[in-house]
Amino acid sequence: MASIEDFRIKSHALLIELDAATMGMMTLVSSKCVSGPEWDEAVKRQHNAYELWDAFLSDSIVAL
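I will try to describe carefully the structure that is included in this document. (Residues numbered from 1 in each chain as written. Predicted model: local features only at pLDDT ≥ 70, side-chain atom pairs only at ≥ 80, totals over all residues. Heavy atoms only, no water.)

1. Quick look at unusual backbone geometry
Now for step 1: Phi is positive for Lys-32, close to 60°, though the residue is something other than glycine.
Now for step 2: Given the relative accessible area of 75%, Lys-32 is considered exposed. (Buried < 20%, exposed > 50% of the residue type's maximum accessible area, 1.4 Å probe, protein only.)

Now the structure itself:
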């Protein structure tokens, strides 16, 4: 079982990426760019970051 410190470090890294991805999307929204390849890439990044975060939490709960 991973230590609390391992959980904290991994959780923090995943949350930083999720926050950056979400902020990237919001920046595009504020510049009224909500379609096209740049938007599609931002949505993909945010979705992937969320999926990694969700999988990490699910795995961590099972490990408890």
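2. Here we look at the nonpolar core
Now for step 1: Leu-14, Leu-18, Ala-21, Ala-49, Trp-53 and Phe-56 form the largest nonpolar core, which has six residues in total.
Now for step 2: In contact with Trp-53, other than residues within four places in its own chain, are Ser-11, Leu-14, Leu-15 and Leu-18. (Core = buried A, V, L, I, M, F, W, Y, C linked by side-chain atoms within 4.5 Å. Contact = heavy atoms within 4.5 Å.)

3. Section: the pattern of salt bridges
Pairing is possible between side chains that carry opposite charge, provided their charged atoms lie close to one another.
Now for step 1: With the rule as written, the count across this model stands at two salt bridges.
Now for step 2: In this structure, Glu-5 engages Arg-8 in a salt bridge whose closest nitrogen and oxygen atoms are separated by 2.7 Å. Here Arg-8 and Glu-5 lie together in helix α1 (residues 4-30), a separation of three residues that amounts to about one turn.
Now for step 3: The exposure class of Glu-5 is partly exposed, given its relative accessible area of 41%.
Now for step 4: Between Glu-17 and Arg-45 there is a salt bridge, with the nearest N and O atoms lying 2.7 Å from each other. A residue pair is termed long-range when its members are at least 10 positions apart, and Glu-17 in helix α1 and Arg-45 in helix α2 (residues 37-63) qualify at 28 residues. (Salt bridge = Lys/Arg side-chain N within 4 Å of Asp/Glu carboxyl O. Helix = DSSP H or I, 4+ residues; strand = E, 2+ residues; numbered from the N terminus.)

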